[in-house]
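Chain by chain, the residues run as shown.
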Amino acid sequence: MSSKKKGVYGSKVKKATQMLFYKRHQKPGVKGWELHKALGSDYPKVLDLVEDYLKPLDLQVKTVFEEEKTPEKPTIEELDKARFFVALSSGTVTKDKLMGWRIDDLAGLAITISFIISKKGQAARKDVEKMLGEKMPNWKIGLNLDRYIRYGYLTQDEQGQLFLDWRTRAEVDQKALIDMLLSAEKQTQEAAEPKLEQEEDAETEEGK
Amino acid sequence: MQTVKHDKKLGREKLERIIEMCLAIENHAVEPFTLNVDEIIKIVREYFPNWENPDELKLDAEVLHHLASVIKMQSEWVKQRSNSLYTDPFLLEEKIRQTSKEGMVDVFLGAWSPLIEFEQLSLHSLAQGLLYWEALAPMGDRWKDIDVSEVAMGSVSRDELVKQRVLGDKEFSEELECYWQELKNKTAEKSADGKIAYWNFIGADTFLLTVQRAFLTSFLITYGYATLEIDRLEETIFIVPFTKPRKEALTEQSTSVPIAVSCEDWQKWKRGEQI
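Caption draft 1: Here's a closer look at the overall build of chain B. Within chain B, the secondary structure is distributed over 13 helices and four strands. By residue count, 14% of the 275 residues in chain B fall in the buried class. For chain B, the share of sequence-separated contacts (at least 6 apart) that also reach a separation of at least 24 residues comes to 57%.

Caption draft 2: Representation of the overall build of chain A. Along its length, chain A carries ten helices and six strands. For chain A, with 208 residues in total, the buried portion stands at 27%.

Caption draft 3: Geometry of the interface of chain B and chain A. Each partner contributes residues to the interface: chain B has 31 residues there, and chain A has 49 residues. Secondary structure elements with two or more residues in the side of chain B that touches chain A: α4 (89-98), α5 (101-111) and β1 (115-116) of chain B. When residues in the side of chain B that touches chain A are grouped by element, the largest group, nine residues, is from α5 of chain B. In terms of residue class, the side of chain B that touches chain A is built from 16 nonpolar, eight polar and seven charged. As paired elements, strand β3 (residues 83-88) of chain A and β1 of chain B share two bridges and run antiparallel to each other. The partner of Ala-87 of chain A across the bridge, within β1 of chain B, is Leu-115 of chain B.

Caption draft 4: Summary view of the sheet that holds strand β6 (residues 161-164) of chain A. Residues and elements named next belong to chain A. A sheet is described by the order of its strands in space; here three strands give the open sequence β4-β6-β5, paired in antiparallel fashion. Of all the strands in the sheet, the pair left with one neighbour each is β4 (122-124) and β5 (154-156). Each neighbouring strand pair of the sheet contributes to a mean axis angle of 30 degrees, computed without reference to strand direction. Relative to β6, β5 runs antiparallel, the two being bridged by three bridges. When the bridges of β6 are listed, Leu-154 appears paired with Leu-164.

Caption draft 5: A look at the packing of helix α9 (residues 172-190) of chain B against helix α11 (residues 207-222) of chain B. Residue and element names in this part refer to chain B. As a packed pair, α9 and α11 sit with axes 10 Å apart at the nearest point and diverge in direction by 90 degrees. The orientation of α9 with respect to α11, classified from their angle, is roughly perpendicular. Facing α9, whose interface residues are Leu-176, Tyr-179, Trp-180 and Leu-183, α11 presents Leu-216, Phe-219 and Leu-220. A class-by-class count of the residues in the contact of α9 with α11 yields seven nonpolar, no polar and no charged.

Caption draft 6: Broad picture of the packing of helix α6 (residues 125-133) of chain A against helix α7 (residues 138-151) of chain A. All names here are of chain A. Put simply, α6 and α7 touch, their axes get as near as 10 Å, and they point 130 degrees apart. The orientation of α6 relative to α7 falls into the category oblique. For the crossing formed where α6 meets α7, the hand is right-handed. Contacts between α6 and α7 involve Arg-125, Val-128, Glu-129, Leu-132 and Gly-133 from the first element and Asn-138, Ile-141 and Leu-145 from the second. Looking at the contact of α6 with α7 residue by residue, the classes come out as four nonpolar, two polar and two charged.

Caption draft 7: Region of the structure containing the nonpolar core. With 33 residues, the main nonpolar core has Ala-110, Ile-111, Ile-113 and Leu-177 of chain A together with Phe-108 of chain B as its most contacted residues. Within the residue set of this core, elements represented by two or more residues are α5 (103-118), α6, α7, β6 and α9 (174-182) of chain A together with α5 of chain B. In terms of residues, this core owes the most to one element, α5 of chain A, which gives nine residues. Every residue in contact with Ile-111 of chain A, bar those within four places of it in the chain, is listed here: Met-131 and Leu-132 of chain A together with Ile-96 and Met-104 of chain B.

Caption draft 8: Just α5 of chain A, in detail. Residue and element names in this part refer to chain A. In this model, α5 (16 residues) spans 22 Å end to end at C-alpha, consistent with the 22 Å of a helix rising 1.5 Å per residue. With respect to burial, α5 is a largely interior element, 13 of its 16 residues being buried. Just past α5, the residue Lys-120 takes up positive phi, approximately 60 degrees.

Basis of the calculations
- Residues numbered from 1 in each chain as written.
- Chains lettered and ligands numbered in written order.
- Predicted model: local features only at pLDDT ≥ 70, side-chain atom pairs only at ≥ 80, totals over all residues.
- Helix = DSSP H or I, 4+ residues; strand = E, 2+ residues; numbered from the N terminus.
- Buried ≥ 20, exposed ≤ 12 C-beta atoms within 10 Å, placed from the backbone.
- Contact = placed C-beta atoms within 7 Å.
- Nonpolar A, V, L, I, M, F, W, Y, C, P; charged D, E, K, R; others polar.
- Pairing = 2+ DSSP bridges.
- Axes fitted to C-alpha atoms, helices over the stretch in contact; angles between N-to-C directions.
- Parallel < 35°, antiparallel > 145°, perpendicular 65-115°, else oblique.
- Left-handed = near helix turned anticlockwise from the far one by under 90°.
- Core = buried A, V, L, I, M, F, W, Y, C linked by C-beta atoms within 7 Å.
- Expected span 1.5 Å × (residues − 1).

That is the geometry; function is a separate question.
Next comes the structure, spelled out in structure tokens:
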């Protein structure tokens, strides 16, 4: 790459980074057509360069397409209609740092999203409330659901049906969530077994 | 005679029950494949020769309409189950119930990548705000009291309204039809792709006439005589006339597109510059 070309791409990378990080509208991120207008038709290449800079920082550029299914080789028209975000790489959030969320609220969100997925993408609010009520105080359920709606994780129609909204599509790998949930019991058992063994060992040592 | 009446009554009851069942499926209270579509079509076909009056035929059509919705839901059901994301909902629900709060959080963290967004005030935006504040006229100047003097009630004829240019000399619908014809002719003359640039159509010798033409164009679009084609990237607007007015334009929920027609834009258009 010539030094002139490098300079052009350098300034494009800076502009793209600002557009991706700073909130310009009510929703975070930036639409493909806005990047197209500001950076030119080679903006997917610029985003690849941004991604190269972000990767070592455990960050990634996420693309959420208008259609629910992600196209294998998206066309420029499909990219123009998509929304681009910067997000933490999957699996980098740990239990010690929950991004400002209380563990109860995050568990509630996890249960709600999984429940809606299990109901083919829509569930009656009262059913979700009932499910959350098994592990959460009643006064908190309504407040939490309203908060998930306000943040863009869920949306509610006039009939009181809850659906997954744009933020869930941007932040949550739904397939991975379901796969992990289905194998969760196994993991819990496996995790519990060594603990039991350790306890047994400790008891034996105490006995000694 | 009695038998025909009895048949009709029985048929109506059956159709009403079918509609109730379809509604339950549409409201997700019942699984879509609970309904045997072939059986229902047999019933509908069996009673169809008995229907004579409009109400009965309407009921028959209503059943077919709901049946079509159920078939659509059945197709979605099949698609969903063939999807890689599909897992038995009962199994999944059970897993959610069994997993502890901490377990749910562990699972969720593996699939969650929260978005990053910044909001920050820069010196530049502060300076912009100050400049705006300086240029802003005081409230007293912006919201002046309107001086309204009381006048007696009177009547005015249509001719007087035409003279005062409140009304046009043609009936509005007639005027709109003529204007539509003009749009179609101009589009055919100026382009081969059936569309004309917005300003090339509304632009006239005077600004007043241009505004009038923009006003009439908005009605052409609202009443379904034409539509707008907007390219957000190129920032161009085209008018596409329809050969026949589309009635659905008035019934469907439509979107408003505000287009500013300013004197500066009109002058630019006159000079042949791009707007």
